Amino acid sequence: MGTITAIVNQKGGVAKTTTAINLSASLGKLGKKVLLVDLDAQGNATTGFGVAKRELEYTTYEVLMGEVRPLEAVITTAFKNVDIIPATQLLAEAEVRLLQFESKTLQLRKALMQIKDSYDFIIIDCLPSLGVLALNGISACDSLIIPMQCEPYSLEGVAELLATVKRVKNSTNRYVKVLGIVFTMLDKRLMVSRDVMNNIRNKFPEELIFNTEIPRTVRIAEAPSHGEPIIYYDSSSKGATAYNKLAKEFLTKIQQNSI
C-alpha cells in the first residue's frame, strides 16, 4: 500500500503547486508510481502536466461528490510513472456542497483508500486555504509538506497551519505527520530571506525542516506555461537539480518516519 502526502499552505504564492508537480515528476523519474491529486479549483497542477481541462470528463469534483470512482477520473500523463486526478473551476462548488455531507472532511480519504495500493505515492496539491477542501486533503494524508517562502509573516502562517493539523489529529486523522517545511522561491542574497530562515530554524526542530532548498529561478517559473515539470523542461537547471534532490530527501524522510 502506498503513502499519501499533502502539499499544504493556506498562503498563496509559495510554490505549493510547483512543488507538488515537480516532486511528483521527480519521484516518477526515480521509478516510483505516483498519483497527483489536484485539489485546487485553479487547476494549475493539471495544466502544469500538460492536461487540457476542456477535454476532461471527470475530475476531483466528481470524485469528492461520490459520483464516480477515483479510478474513473485518473489520467495518465505524458511523464514517466505519473498519473493525475485533474481539477477545474467546478471544484469550487465542492467547498459549499461538502458542508451538506455528514463526513464532509473525509470524502477524499474514503475515495483514495480505493486506489491507495495501486501507487507508491499519492501527492495531494491542496488549495491555498484552510477550508473544507484543504481539511479533506489533511484528513486523507499520512504526511504533509509545508512549502514556505522566506518573507515576513511566514512564521505566523506556519503556526496557524500547525494548529489546524493538531485539530485534525484530534478528530479525523490521528496518524498524520508533518514531514517538514521546504524553503521555496529562495533568494539568499536578500537579508529578509536569511533572517526568516534563521528564525524558522530557531523555532522548529531540525528534523522538521528539509535540507533541500528550492531557488527562485526563471526556468521554474517558465515550465508550467509549457505544460512540463522543470525536470523535463530544463533537466540541467538549478530548479531541476533542487527538485530531484528534494525527491530523494523525501524518500529518506518517509523511510525514517516509517510512513
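Here the structure is shown first, and the text comes after it.
These lines cover the structure that appears in this document, whether it is placed above or below. (Residues numbered from 1 in each chain as written. Predicted model: local features only at pLDDT ≥ 70, side-chain atom pairs only at ≥ 80, totals over all residues. Heavy atoms only, no water.)

**Some words on helix 9 (residues 191–203)**
The following threshold applies: Each helix corresponds to a stretch of at least 4 residues labelled H or I by DSSP, and each strand to a stretch of at least 2 residues labelled E; elements are numbered beginning at the N terminus. Here, expected helix span is obtained from the residue count minus one, scaled by 1.5 Å. For the exposure calls, accessible area comes from a 1.4 Å probe over protein chains only, and a residue counts as buried if that area is under 20% of its type's maximum, exposed if over 50%, partly exposed in between. By construction, the arc corresponds to the directions joining the helix axis to the C-beta atoms. By definition in these notes, contact holds between two residues if any of their heavy atoms fall within 4.5 Å.
Look at helix 9: 18 Å from first C-alpha to last across 13 residues, which is about the 18 Å you get at 1.5 Å a residue. Among all positions in helix 9, only Ser 193, Val 196, Met 197 and Ile 200 are buried. End-on view of helix 9: buried residues confined to an arc of 100°, all on one side of the axis. Turned more than 90 degrees from where helix 9 packs its buried face, Met 191 and Asn 202 sit exposed. For helix 9, the secondary structure elements touched by its buried residues are strand 6 (143–149), helix 8 (154–169) and strand 7 (177–184).

**Focus on the pattern of salt bridges**
Inclusion rule: A pairing counts as a salt bridge when a side-chain nitrogen of Lys or Arg comes within 4 Å of a carboxyl oxygen of Asp or Glu.
Inspection of the entire model under this criterion finds eight salt bridges. Close ionic contact of Lys 11 with Glu 151 constitutes a salt bridge, the shortest N to O distance being 2.6 Å. In this pair, Lys 11 sits in the loop between strand 1 (3–7) and helix 1 (16–29) while Glu 151 sits in the loop between strand 6 and helix 8, placing the two residues 140 residues apart along the sequence. A relative accessible area of 22% places Glu 151 in the partly exposed class. In this structure, Asp 142 engages Lys 116 in a salt bridge whose closest nitrogen and oxygen atoms are separated by 3.2 Å. Here the residue Asp 142 occupies a position in the loop between helix 7 (132–140) and strand 6, and Lys 116 occupies one in the loop between helix 6 (107–112) and strand 5 (121–126), the gap between them amounting to 26 residues. Owing to a relative accessible area of 7%, Lys 116 belongs among the buried residues under this scheme. The network of salt bridges with shared partners includes Arg 219, Glu 222 and Asp 234.

**Some remarks on the sheet that holds strand 1**
Formally: Two strands are counted as paired when DSSP detects at least two bridges linking them. In this description, a line fitted to the C-alpha atoms serves as the axis of each element, helices being fitted only across the stretch in contact, and the angle between N-to-C directions of two axes falls anywhere from 0 to 180 degrees.
The mixed open sheet is built from seven strands, whose spatial order is 3-4-2-5-1-6-7. Taken across any chain shown, the strands that pair with only one partner, and hence form the sheet edges, are strand 3 (75–76) and strand 7. Taken together, the five bridges between strand 1 and strand 5 define a ladder with parallel strand orientation. Across the sheet, residue Thr 5 finds its bridge partner in strand 5, namely Ile 123. Contacts from helix 1 reach strand 1, strand 2 (34–39), strand 4 (82–85), strand 5, strand 6 and strand 7 within the one sheet, and its direction differs from that of strand 5 by about 165°. In this fold helix 9 packs onto strand 6 and strand 7, with an angle of close to 165° to the strand it touches most, strand 7.

**Things to note about the packing of aromatic side chains**
Put simply, the test is: We call Phe, Tyr and Trp rings a pair once their centres come within 6.5 Å, taking the six-membered ring for Trp, and we label the pair stacked below 30 degrees between planes, edge-to-face above 60, and tilted otherwise. Definition used: whenever NZ (Lys) or CZ (Arg) falls within 6 Å of the ring centre and also within 35 degrees of the ring normal, the charge is taken to sit over that ring.
In total, this model carries three aromatic pairs according to the counting rule given. Each ring, one from Phe 79 and one from Tyr 232, has its centre 4.9 Å from the other, and the planes form 55°; the classification is tilted. With a gap of 153 residues between them, Phe 79 in the loop between strand 3 and strand 4 and Tyr 232 in helix 11 (residues 230–233) connect regions that are remote in the sequence. Its relative accessible area of 10% is what places Phe 79 among the buried residues. Ring plane angle 65° and centroid distance 5.3 Å describe the contact between Phe 121 and Phe 250, whose orientation is recorded as edge-to-face. With Phe 121 in strand 5 and Phe 250 in helix 12 (residues 238–256), this residue pair connects regions lying 129 residues apart in the sequence. Note on Phe 121: relative accessible area 7%, which makes it buried. Taken together, the ring pairs in this structure connect Phe 49, Phe 79 and Tyr 232 into an aromatic cluster. Sitting above the plane of the Tyr 232 ring, Lys 29 keeps its charged end 4.5 Å from the centroid.

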